[in-house]
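Okay, here's what each chain looks like letter by letter:
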Amino acid sequence: MSIGISPGLSLSAPVSIAWAAWVICGVYFLATALFTNRIRVREKAPHRLLDALLLWSGYAFLFVGVSRAGAQQALLLHHPWWQYAGAAAAAAGLAFTIWSRFVLGRYWSGVIALKQDHHLVQRGPYSRIRHPLYTGLILAASGTAAAAGAPLTLPGVVLLTLCFLRRARREDALLSQHFGAEFDAYRRQTGQLLPRHG
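Conventions we followed
Residues numbered from 1 in each chain as written. Predicted model: local features only at pLDDT ≥ 70, side-chain atom pairs only at ≥ 80, totals over all residues. Heavy atoms only, no water. Helix = DSSP H or I, 4+ residues; strand = E, 2+ residues; numbered from the N terminus. Buried < 20%, exposed > 50% of the residue type's maximum accessible area, 1.4 Å probe, protein only. Contact = heavy atoms within 4.5 Å. Patch = residues over 30% accessible without salt bridge, like charges linked within 9 Å, V, L, I, M, F, W, Y side chains within 5 Å. Areas by Shrake-Rupley, 256 points an atom, 1.4 Å probe, with all protein chains shown as cover. Salt bridge = Lys/Arg side-chain N within 4 Å of Asp/Glu carboxyl O. Polar contact = N/O pair within 3.5 Å; in protein donor to acceptor, adjacent residues only side chain to side chain. pLDDT = per-residue confidence, 0-100. Phe/Tyr/Trp six-rings, centres within 6.5 Å; stacked < 30°, edge-to-face > 60°. Expected span 1.5 Å × (residues − 1).

J.: Is there a simple way to explain the overall build of the protein in this structure?
T.: Scanning the protein from terminus to terminus reveals 6 helices and 4 strands. If you list the helices and strands of the protein from N to C, you get β-β-α-β-α-α-β-α-α-α. Taking all 198 residues of the protein together, the buried fraction comes to 46%. Here the contacts in the protein between residues at least 6 apart in sequence split such that 81% fall between residues at least 24 apart.

J.: How should a nonpolar patch on the surface be read in this particular structure?
T.: Judged by side-chain polarity, Trp19, Val23 and Val27 come together as a nonpolar surface patch covering roughly 260 Å² of accessible area. By the element assignment, Val23 lies in helix α1 (residues 13-32).

J.: I tried to follow the pattern of salt bridges on my own but got confused; where do I start?
T.: Two side chains of opposite charge can pair, provided their charged atoms sit close to one another. The full count for this structure, using the stated rule, is 6 salt bridges. The partner of Asp51 in a salt bridge is Arg166, and the shortest N-O contact between them spans 2.7 Å. Placement of Asp51 in helix α2 (residues 45-67) and of Arg166 in helix α5 (residues 153-179) is noted, with a sequence separation of 115 residues between them. Of the two residues, Asp51 and Arg166, neither departs from the other in class, the shared state being buried.

J.: Hey, could you run me through the side chain of Arg130 in this one?
T.: For Arg130, the position within the fold is in the loop between β4 (113-115) and α4 (132-148). In this structure the side chain of Arg130 is engaged in a polar contact, spanning 3.0 Å, whose partner is the side chain of Asp172. Beyond its immediate sequence surroundings of up to four residues, Arg130 is in contact with Asp172, Phe183, Tyr186, Arg187, Thr190, Gly191 and Gln192.

J.: What's the story with unusual backbone geometry in this structure? I'm lost.
T.: Among all residues save glycine, negative phi is the norm, and among peptide bonds the norm is trans. The residue Asp117 is not glycine, and still its phi comes out positive at about 55 degrees. Looking at the element boundaries, Asp117 is found in the loop between β4 and α4.

J.: Even after reading the chapter, I still don't get the confidence of the model for the protein, so can you show me in this structure?
T.: Residues shown with low pLDDT carry predicted positions that ought not to be read at fine detail. The predicted model of the protein averages 90 in pLDDT, with 89% of residues at 70 or higher. Of the regions scoring below 50 in pLDDT, residues 1-8 engages in 15 contacts with residues more than four places distant in sequence or in other chains.

J.: Please explain the packing of aromatic side chains as it appears in this structure.
T.: Working definition: an aromatic ring pair is given by the centre-to-centre distance plus the angle between the planes. Scanning the entire structure with this criterion turns up 11 aromatic pairs. Taking 5.6 Å as the distance between ring centres and 80 degrees as the angle between the ring planes, the aromatic pair formed by Trp19 and Phe63 counts as edge-to-face. Pair noted here: Trp19 is in helix α1 and Phe63 is in helix α2, with a separation of 44 residues, a long-range link. Phe63 sits in the partly exposed class, given a relative accessible area of 22%.

J.: Sorry if this is basic, but what is going on with the environment of Ala92 here?
T.: Position of Ala92 among the secondary structure elements: in helix α3 (residues 80-104). With a relative accessible area of 42%, Ala92 lands in the partly exposed category. Sequence separation of Ala92 and Ala140 is 48 residues, and the distance between their C-alpha atoms is 7.3 Å.

J.: It is not clear to me how α3 should be interpreted in this structure. Could you clarify?
T.: One full turn of an α-helix is made of 3.6 residues, so residues set three or four places apart face in the same direction. In a regular helix each residue adds 1.5 Å, so 25 residues correspond to 36 Å; α3 covers 36 Å between its end C-alpha atoms and thus fits that length. Inspection of α3 places Gln83, Gly86, Ala87, Ala89, Ala90, Gly93, Leu94, Thr97, Ser100, Arg101, Val103 and Leu104 among the buried residues, and these make up the whole buried set. A positive phi of about 60 degrees marks Gly105, the residue just after α3.

As structure tokens, then:
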């Protein structure tokens, strides 16, 4: 089954589910972006520029690939169950992202930064994972690619994963510098993108 969302563009039901989840997540981020504390310390421009290049190139490959999914040769194992599993992963990843953003609250920033009156958040998803926003977005991008089954989405997943891995590493360094022993103890108890075992 396919769903037409605009003239000349028809998406399968699983891709439409993933697409709707991205729209909901995007609207939530835009609606809450103004309700954050002011930035006190931020990274230098070259780091932010490379982050932006990786991030927006990744999203461009992902969403252009999704929009052209019907015109591209599908990947191997592109079956309905695979599509719906991908859609479920995308929706779950974005729900996890929204939860993480909600818990982070006024300390969220679109760039690597410290906010005024910044505190180290250690509750909710942050009790097990230091960067759950990135975990959710990587899962969502991978699920969207699986739902679409389009080869053009794969570079998007790779670029986004590289971007979030870079950011996680640099955020850890900034938080360690600012919070010292408190962050070091927190890092020993948590994983960067997945829960720590043992």
